[in-house]
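Descriptive analysis of the structure
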Amino acid sequence: MHTHIAENDTEIPTVTFYELNEMALDFISKNMPEYLCTPMAFDIDHMLEILKLSVIECEMSPMIMGVIPFIDFTFQYKYDYLTIKRHTILLNKLLHNNNLENRFTKAHEAAHWLIFERYKSRLSEQYACSKEISERSDVLYAKKCVAYLERHPDALEELHTDVLACKLTMPEATFVPKAKEIMKEHGFEETYFSSSKTDEKFDKVIDELAEIYLVPAYAVCLHLQILGLFVDCDN
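Residues numbered from 1 in each chain as written. Predicted model: local features only at pLDDT ≥ 70, side-chain atom pairs only at ≥ 80, totals over all residues. Heavy atoms only, no water.

**Concerning the overall build of the protein chain**
Of regular secondary structure, the protein chain possesses nine helices and eight strands. The burial tally for the protein chain puts 47% of its 235 residues in the buried class. Restricting to contacts in the protein chain with at least 6 residues of sequence separation, those with at least 24 account for 69%. Carbon and sulfur atoms provide 53% of the accessible area of the protein chain, an area that totals close to 11,800 Å². (Helix = DSSP H or I, 4+ residues; strand = E, 2+ residues; numbered from the N terminus. Buried < 20%, exposed > 50% of the residue type's maximum accessible area, 1.4 Å probe, protein only. Contact = heavy atoms within 4.5 Å. Areas by Shrake-Rupley, 256 points an atom, 1.4 Å probe, with all protein chains shown as cover.)

Next up, the structure:
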């Protein structure tokens, strides 16, 4: 294992991509092995059932997609106070009619839970996470990622979690060969190097993969970057 041990109970361990891949593969192999054989949309609701996670939709700031607490907590909601149990994902109602964002946000919050469960002995019991819409795409680009990590103390955990959500919703066993197949159909080699000029053909590759796995395009971009199949030369 290559995990940085937190120096105090409020820090999080630094988890490698290898460990995140191992975590995703272990979960899918044990619980949903069919997704390692055929490229298809991951059954996120079934994953939540396995993890015993429930979902509650509520009104939130447009900047927040979802939150998952790791302890029971009470907060003010409109004119009352609500107590939310652990194992509960709070999902922004604005995502109700946005299937792709809805699915990936639930996968993201479930990934938070998986990481927490694995490393909870090294985490503060008070630790909880939220995801901001305006900053999710920042992790896709190196220059922005540096600024993101500097501005937000929980950014590393958010990056871990986006990566794990990608590995769960787009298992490498099917995603890599399918991505290479589609890239080849559009005339691309093993790795696509982007330039400042938008390549409409590569946008089609992303859209096709997003349609197969039912995830947002930015999630496909992130996964392609993680796997070395997409290199953004401008960032």
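**A short note on the nonpolar core**
Ranked by size, the top nonpolar core spans 58 residues in total, and within it M47 and L224 carry the most contacts. In terms of nonpolar packing, the next biggest core, distinct from the first, is built from five residues, C58, M60, V67 and L90 among them. (Core = buried A, V, L, I, M, F, W, Y, C linked by side-chain atoms within 4.5 Å.)

**Here we look at the side chain of N92**
When you line up the elements, N92 lands in strand β5 (residues 88-92). N92 sits in the buried class, given a relative accessible area of 2%.

**Side note on unusual backbone geometry**
A positive phi angle, near 60 degrees, is found at K52, a position not held by glycine. You can see K52 is positioned in the loop between α2 (44-51) and β1 (54-58). Judged by its relative accessible area of 63%, K52 falls in the exposed class. Positive phi, normally seen in glycine, also occurs at L214, with a value near 50 degrees. Here L214 lies in the loop between α8 (200-213) and α9 (217-226).

**So, the packing of helix α1 (residues 17-31) against helix α3 (residues 99-119)**
The geometry of α1 relative to α3 is characterised by a closest axis approach of 12 Å and an angle of 105 degrees between their N-to-C directions. Here α1 lies roughly perpendicular to α3, going by the angle between them. Within the contact between the two elements, α1 uses E19, L20, E22, M23 and F27 and α3 uses L114, I115, R118 and Y119. When grouped by side-chain class, the residues that make up the contact of α1 with α3 number six nonpolar, no polar and three charged. (Axes fitted to C-alpha atoms, helices over the stretch in contact; angles between N-to-C directions. Parallel < 35°, antiparallel > 145°, perpendicular 65-115°, else oblique. Nonpolar A, V, L, I, M, F, W, Y, C, P; charged D, E, K, R; others polar.)

**What to know about the pattern of salt bridges**
The full count for this structure, using the stated rule, is five salt bridges. We note a salt bridge from K178 to E181, for which the minimum N-O separation is 3.3 Å. Taken together, the residues K178 and E181, both in helix α7 (residues 172-185) and three residues apart, mark about one turn of the helix. K178 sits in the buried class, given a relative accessible area of 18%. Classification of E181 by relative accessible area gives partly exposed; the value is 38%. (Salt bridge = Lys/Arg side-chain N within 4 Å of Asp/Glu carboxyl O.)

**Observations regarding the confidence of the model for the protein chain**
Looking at the protein chain as a whole, the pLDDT averages 78, with 72% of positions reaching at least 70. The secondary structure element of the protein chain with the lowest average pLDDT is helix α4 (residues 133-136), at 33, and the one with the highest is α2, at 97. Below pLDDT 50 for its whole length, residues 1-11 participates in 26 contacts with residues either more than four positions away or in separate chains. Long-range and interchain partners of residues 125-148, a stretch whose pLDDT sits below 50, account for 66 contacts in this model, where long-range means more than four residues apart. (pLDDT = per-residue confidence, 0-100.)

**A look at the side chain of N102**
Within the secondary structure layout, N102 lies in helix α3. Classification of N102 by relative accessible area gives buried; the value is 8%. Not counting residues up to four positions away in its chain, the partners in contact with N102 are E57, L91, L95 and H96.

**Looking at a negative patch on the surface**
On the surface, a cluster of negative charge is made up of E200, D203, D207 and E211. Residue position: E211 is located in helix α8. (Patch = residues over 30% accessible without salt bridge, like charges linked within 9 Å, V, L, I, M, F, W, Y side chains within 5 Å. Lys, Arg positive; Asp, Glu negative; His and termini not counted. Charge placed at Lys NZ, Arg CZ, Asp CG, Glu CD.)

**What to know about the packing of aromatic side chains**
For the coordinates displayed, the defined rule picks out six aromatic pairs. Residues F104 and Y218 carry aromatic rings whose centres are separated by 6.1 Å and whose planes lie at 85 degrees to one another, so their mutual orientation is edge-to-face. Taken together, the residues F104 in helix α3 and Y218 in helix α9 connect sequence positions 114 residues apart. Accessibility assignment for this pair places F104 and Y218 in one class, buried. Here a set of aromatic residues connected by ring pairs shows up, and it is made of F188, F202 and F230. One cation-aromatic arrangement involves K201 over F188; the distance from NZ or CZ to the ring centre is 5.4 Å. (Phe/Tyr/Trp six-rings, centres within 6.5 Å; stacked < 30°, edge-to-face > 60°. Lys NZ or Arg CZ within 6 Å of the ring centre and 35° of its normal.)

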